[in-house]
Amino acid sequence: MSFSATWTQFFPPRDGAPLTEANLPSQAGKVFIVTGGSSGLGYELPRILYGAGGKVYILTRSKDHAEDAIARIQAHYTGSGIERQDMTRGSLEFIPMDLTDFVTIKSAVQSFLEREGPDGRLHVLVNNAGTGARSNAPLTRQGHEYHFSINCLGPYLLTQLLMPTLIRTAKDSPQGSVRVIWAASVLVELMSPNTGIRKEFLQDTQSIKDHNELYATSKTANWFLASELVRRQGNTGVVHIAGNPGNYITNVWRHIPRLIYYMFLPLLRDPVHGAETYLWMAFSESVTMNGAAAGRYAICDGRWHPGQRADILLALKSVDEGGSGRAIECFDWCEWKVAEFVH
């Protein structure tokens, strides 16, 4: 990957996002799920979608934090003078979910399905929730590696459980408009090992101890999952797209040593710009099924990556296609890890 490809992810063009809350079309009648939707990007995105008329489900751990976020979002549009005349505000609902416990993911989906009813719809699922690199992280309730459970396995399980609803919605929606957004990171390219994920890790998750690598590879896995889901389920009409939303002042830094955080602080932006990246991934006509199947990867402020690492691009291809097949191996590993909760 070139220096310029890295540079532009830390220093994107100023005010370069093609989609913002100022020009987002009305989302009235559409249903969204945003995970981790009580702070950071997960606060800003529901705020914008609600302001555009969307029905937004916020899936996160803390009821108090979610209710506080909902109150702040509603207050933002009440008597603020910023309301667009062509918009009717939507609705916001909280559903509890903890990505370290797969039981709560199944419960969250069941609650969503009950609220939406048998003909319920879901237009966009944003797998936003995640954790930063955490030293000496504990295993999760089901005994999984911490970073992978929160950043990868949990979102994958959630997505699989919601696929019937997404597919049903895609059948009577404009082509390519029903989407699943997978959050990655610039560290996918800066810190992940050759082929993105070590084969040794897939064989034994205890074989890798470096928490920075575990974080980077858990985000790489999201790119692999998005690509493989489109390759395997492209006929469903649901587009899966992964990308680096950017670098922002959010709670993802809470486990990072303070010194490192303050070193990076000058590079961190307001999380609203990350929400604008998600808007582009969710609504841009530039995002297509064919592009997603080819492994196209979004970066901050709504742009395509100018040139990904060659070994990761090869990992997206099967051995028969001249690649390493690591994305296929990762997908199969994720399926195996969540199998008992899917059925």
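A brief report on the enclosed structure follows. Sequence order sets the numbering: in each chain, residues are counted from 1 along the sequence as written. For this predicted model, a pLDDT threshold of at least 70 governs which residues receive local features, and a threshold of 80 or more governs which side-chain atom pairs are given and counted, while totals over whole chains, interfaces and linings are taken from all residues. Hydrogen atoms and water are omitted, and side-chain values are computed over all heavy atoms in the structure.

**Remarks on the overall build of the protein chain**
Part 1 of the argument: By the criteria applied, helices consist of DSSP H or I runs no shorter than four residues and strands consist of E runs no shorter than two, each listed in order from the N terminus. Assigned secondary structure in the protein chain consists of 13 helices and 8 strands.
Part 2 of the argument: The globule rule puts the C-alpha radius of gyration for 343 residues at 20 Å, and the 19 Å found for the protein chain is close to it.
Part 3 of the argument: With the principal axes as the frame, the protein chain shows a C-alpha extent of 55 × 45 × 40 Å.
Part 4 of the argument: Under the scheme applied here, a residue whose accessible area is under 20% of the maximum for its type counts as buried, over 50% as exposed, and between as partly exposed, the area being computed with a 1.4 Å probe on protein chains only. Counting over 343 residues, the protein chain shows a buried share of 57%. Throughout, radius of gyration means the C-alpha value; the globule benchmark is 2.2 Å times the number of residues raised to the power 0.38.

**A short note on the environment of Phe224**
Part 1 of the argument: Along the chain, the position of Phe224 falls in helix 8 (residues 211-233).
Part 2 of the argument: C-alpha separation for the pair Phe224 and Leu316, spaced 92 residues apart in sequence, amounts to 6.5 Å.
Part 3 of the argument: Any pair of residues with heavy atoms lying within 4.5 Å of one another is described as a contacting pair. Among residues more than four places away in sequence, those in contact with Phe224 are Thr195, Gly196, Ile197, Ile312, Ala315, Leu316, Arg326, Ala327 and Cys330.

**A few points about the sheet that holds strand 5 (residues 179-183)**
Part 1 of the argument: Should DSSP find at least two bridges between two strands, the strands are regarded as paired. One open sheet holds the 8 strands; their spatial order is 3-2-1-4-5-6-7-8, and the pairing between them is mixed. If you trace the sheet from one side to the other, it starts and ends with strand 3 (91-96) and strand 8 (303-304), each paired once.
Part 2 of the argument: Bridge analysis of strand 1 (residues 31-35) against strand 2 (residues 55-60) gives 5 bridges, and the strand direction is parallel. From the neighbouring strand, Val34 faces strand 2, where its bridge partner is Ile58.
Part 3 of the argument: Between N-to-C directions, angles span 0 to 180 degrees; the directions come from axes that are lines fitted to C-alpha atoms, helices contributing only their stretch in contact. Strands in contact with helix 3 (residues 63-77) are strand 2 and strand 3; relative to strand 3, the strand with the most contacts, it is inclined by about 175 degrees.

**Regarding helix 8**
Part 1 of the argument: For helix 8, with 23 residues, the first-to-last C-alpha span of 32 Å sits near the 33 Å given by 1.5 Å per residue.
Part 2 of the argument: Where burial is concerned, most of helix 8 is hidden: 19 out of the 23 residues are buried. Expected span, for any helix, means 1.5 Å times one less than how many residues it has.

**Structural notes on the packing of aromatic side chains**
Part 1 of the argument: In this analysis, rings of Phe, Tyr and Trp, with Trp reduced to its six-membered ring, are considered paired at centre separations within 6.5 Å, and the interplanar angle assigns stacked below 30 degrees, edge-to-face beyond 60, and tilted for intermediate values. Within this structure, the stated rule accounts for 12 aromatic pairs.
Part 2 of the argument: Taken together, a centroid distance of 4.4 Å and an interplanar angle of 35 degrees make the contact between Trp7 and Phe11 tilted.
Part 3 of the argument: Look at Trp7 and you get partly exposed, because its relative accessible area is 44%.
Part 4 of the argument: Look at Phe11 and you get partly exposed, because its relative accessible area is 40%.
Part 5 of the argument: With a centroid separation of 5.6 Å and 85 degrees between ring planes, the pair formed by Phe102 and Phe341 is classed as edge-to-face.

**So, the pattern of salt bridges**
Part 1 of the argument: The term salt bridge refers to a pairing of a side-chain nitrogen on Lys or Arg with a carboxyl oxygen on Asp or Glu at a separation within 4 Å. Across all of its chains, the model carries 15 salt bridges by this definition.
Part 2 of the argument: Residues Glu93 and Arg115 are paired through a salt bridge, measuring 2.9 Å at the closest nitrogen-oxygen approach. Of the two residues, Glu93 is situated in strand 3 and Arg115 in helix 4 (residues 102-116); the sequence distance between them amounts to 22 residues.
Part 3 of the argument: Arg115 sits in the partly exposed class, given a relative accessible area of 38%.
Part 4 of the argument: A salt bridge links Arg326 to Glu329; the shortest N-O distance between them is 2.7 Å. A residue pair is termed a helical-turn pair when its members lie 3 or 4 positions apart in one helix, as Arg326 and Glu329 do in helix 13 (residues 326-342) at 3 residues.

**Description of unusual backbone geometry**
Part 1 of the argument: Even without being a glycine, Asn136 presents a positive backbone phi close to 55 degrees.
Part 2 of the argument: Position of Asn136 among the secondary structure elements: in the loop between strand 4 (124-127) and helix 5 (146-171).
Part 3 of the argument: Backbone geometry at Thr195 places phi at a positive 70 degrees, although glycine is not the residue there.
Part 4 of the argument: Taking relative accessible area as the criterion, Thr195 reaches 11% and is therefore assigned buried.

Limitation: the analysis is restricted to geometry and does not speak to function.
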